[in-house]
Amino acid sequence: MAHTFNALRLLAGDPAPVRSISELTTEDLSPGDVLIEVAYSSINYKDALASRGLNGIIRNWPRIGGIDLTGTVLESADARWRAGDEVVVHGFGIGVDHDGGHAQRARVSGDWCMRIPNGFSLFDAAVLGAAGYTAGYSLHLMELNGLAPEQGPVLVTGATGGVASVAIDMLTRRGYKVTAMSGKPEAMPYLQSLGASEVIGRIDAQAKPKPLEKGQWAGAVDSVGGDTLAWLTRTMLPGGVIAAFGNAGGAELNTTVLPFILRGVSLLGINANSPMPLREVVWQKMANEYRPAHLAQIAHVIGLEELPEWLDRTLEGKVRGRTVIDMRR
Ligand SMILES: NC(=O)c1ccc[n+]([C@@H]2O[C@H](COP(=O)([O-])OP(=O)(O)OC[C@H]3O[C@@H](n4cnc5c(N)ncnc54)[C@H](OP(=O)(O)O)[C@@H]3O)[C@@H](O)[C@H]2O)c1
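Residues numbered from 1 in each chain as written. Predicted model: local features only at pLDDT ≥ 70, side-chain atom pairs only at ≥ 80, totals over all residues. Heavy atoms only, no water.

Caption draft 1: A look at the pattern of salt bridges. Counting across every chain of the model gives 12 salt bridges. Residues Asp78 and Arg80 are paired through a salt bridge, measuring 2.6 Å at the closest nitrogen-oxygen approach. Assessed through its relative accessible area of 10%, Asp78 is described here as buried. Between Asp111 and Arg80 there is a salt bridge, with its nearest N and O atoms 2.6 Å apart. Separated by 31 residues along the polypeptide, Asp111 in the loop between strand E7 (105–108) and strand E8 (114–115) and Arg80 in the loop between strand E5 (68–76) and strand E6 (86–90) bring together distant segments of the chain. Accessibility expressed as a relative area gives 46% for Asp111, which makes it partly exposed. Shared partners join several salt bridges into a network, and the residues in it are Arg19, Arg52 and Asp312. (Salt bridge = Lys/Arg side-chain N within 4 Å of Asp/Glu carboxyl O. Buried < 20%, exposed > 50% of the residue type's maximum accessible area, 1.4 Å probe, protein only. Helix = DSSP H or I, 4+ residues; strand = E, 2+ residues; numbered from the N terminus.)

And the structure:
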């Protein structure tokens, strides 16, 4: 049976896509064997870029953006899923080359759905979403590579961002001493309330940096890339581990091999579009030993009508924490 629903649809346009909140039917959606009533989606930085046609993220139009969603299964042709199941979906191309979460309905493959771990509501799982998963996966991989609270402080860059806010919360919960690096001095009380014991400003890029500086960090969770990531390689303690997933400040990396061969620093690449077995491990950790304590505080909740404005705010760097879209508003 075809359902009607509202969505923010991105239509082909020059120079940028046209964004239109329109009434669609489920027949307009990309194909899939599971139909979901979307409860919540969110804005990730990638969604903001995609909604302006930047970085070639979306290549086929029209498209519904939104790289994550939580909701309830309405219909399923996949025996693993039944009407009423609560699921979280992120990555696997949703919001990029398959219609995504910025709509009241989504149709996806049953292979992409994950049951929401016990103890998380649809809202909690949406505040986490792709960003929270990235933070959780970073922590998981850093610990597999030897990070532990007794080894020293962990620096979180781009600290007011979505991934970083959740990372600060989880690291604190896990017993780490966290330093937050932010370009927003006014956000210090927010960052301290998530658990940061120290807040520092962004780095000053040096023309000719020394290959090694005083070692300060046992771990680093990096949203920023570019000169900030290069500086991190120079300021890690011996055996330090860096989780690099972002390029909010630049995609280039100019460093030397010395941090790696003299201090044994590890640079861990994070691609959050993980296979399902790894997602299940990380989500279980997020629901238990990494469980964040400040999800409601990290979230700013909006309705679908406000989504275009908040996508732009995200691109302009005017957003703090996670923007969650309540599809029932
Ligand atoms: N590899 C993956 O799978 C993956 C997954 C998720 C996200 N990402 C990437 O990770 C990054 C963070 O994502 P997000 O969703 O958390 O984004 P976000 O909410 O927009 O946060 C990014 C933060 O970076 C800082 N920042 C922005 N522009 C900067 C600049 N020019 N120089 C230095 N710092 C700057 C800001 O924090 P302050 O103002 O506090 O400094 C901002 O809040 C993005 O690049 C995103 O594309 C990658």
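Further notes follow.
Caption draft 2: Layout of the nonpolar core. Counting 53 residues, the largest nonpolar core has Ile168, Leu171 and Trp283 as its most contacted members. With 12 residues, the top contributor of residues to this core is helix H2 (residues 122–144). Not counting residues within four places of it along the chain, the set of residues in contact with Leu171 comprises Leu139, Val154, Val156, Tyr176, Val178 and Val221. Counting 23 residues, the second-largest nonpolar core is a separate cluster that includes Val87, Val108, Trp112 and Ile325. (Core = buried A, V, L, I, M, F, W, Y, C linked by side-chain atoms within 4.5 Å. Contact = heavy atoms within 4.5 Å.)

Caption draft 3: Geometry of the packing of aromatic side chains. The tally for this structure, following the rule as stated, stands at five aromatic pairs. Relative to Trp112, the ring of Phe92 has its centre 6.0 Å away and its plane inclined at 10°; by these criteria the two rings are stacked. Of this pair, Phe92 sits in the loop between E6 and E7 while Trp112 sits in the loop between E7 and E8, placing them 20 residues apart in sequence. Overall, the relative accessible area of 23% leaves Phe92 in the partly exposed class. (Phe/Tyr/Trp six-rings, centres within 6.5 Å; stacked < 30°, edge-to-face > 60°.)

Caption draft 4: Representation of the site of the ligand. Near the ligand, the surroundings consist of 22 residues, among which Thr160, Ser182, Gly183, Lys184 and Ala272 are the closest. Ser182 has a polar side-chain atom sitting 2.7 Å from an oxygen atom of the ligand. Between the ligand and Ile270, the relevant distance is 2.9 Å, taken from a nitrogen atom to a main-chain nitrogen or oxygen of the residue. Protein contact buries 80% of the 920 Å² of open area that the ligand shows by itself. A class-by-class count of the residues in the shell around the ligand yields eight nonpolar, 12 polar and two charged. (Near = heavy atom within 4 Å. Polar contact = N/O pair within 3.5 Å; in protein donor to acceptor, adjacent residues only side chain to side chain. Areas by Shrake-Rupley, 256 points an atom, 1.4 Å probe, with all protein chains shown as cover. Nonpolar A, V, L, I, M, F, W, Y, C, P; charged D, E, K, R; others polar.)

Caption draft 5: Representation of the domain arrangement of the protein chain. Taken as a whole, the protein chain is organised into domain 1 (4–115 + 295–326) and domain 2 (131–269). In this structure, domain 1 and domain 2 have C-alpha centres spaced 29 Å apart. In this assembly, 10 residues from domain 1 lie in contact with 12 residues from domain 2. Both sides together, the interface formed by domain 1 and domain 2 hides about 960 Å², and carbon and sulfur atoms give 59% of it. Three residues stand out in domain 1 for area buried against domain 2, namely Gln297, Ile298 and Arg320, and they jointly supply 46% of the buried area on that side. If you look at where domain 1 meets domain 2, you find zero salt bridges. Put simply, domain 1 and domain 2 have three residue pairs in polar contact (both at pLDDT 80 or more) between them. (Domains from an automatic or database assignment. Buried area = accessible area lost by both parts, 1.4 Å probe.)

Caption draft 6: Up close: the side chain of Thr235. Here Thr235 is to be found in helix H5 (residues 226–235). Here Trp231 takes part through its backbone oxygen, which lies 3.0 Å from a polar atom of the side chain of Thr235. Beyond its immediate stretch of four places on either side in the chain, Thr235 contacts Glu213, Lys214, Gly215, Gln216, Trp217 and Arg263.

Caption draft 7: Expanded view of unusual backbone geometry. The omega torsion of the bond from Asp14 to Pro15 falls at 10°, within 30 degrees of zero and hence cis. Along the polypeptide, Pro15 turns up in the loop between strand E1 (4–11) and strand E2 (18–25). Cis rather than trans, the peptide bond between Trp61 and Pro62 has omega equal to -5°. Looking at the element boundaries, Pro62 is found in the loop between helix H1 (45–51) and strand E4 (63–64).

Caption draft 8: Structural detail: the sheet that holds E2. Here we have three strands laid out as an open sheet, ordered E2-E1-E4, and antiparallel in their pairing. Of all the strands in the sheet, the pair left with one neighbour each is E2 and E4. The pairing of E1 with E4 spans two bridges and is antiparallel. Within E4, the residue paired with Arg9 across the bridge is Ile64. Contacts from helix H9 (residues 307–315) reach E1 and E2 within the one sheet, and its direction differs from that of E2 by about 140°. (Pairing = 2+ DSSP bridges. Axes fitted to C-alpha atoms, helices over the stretch in contact; angles between N-to-C directions.)

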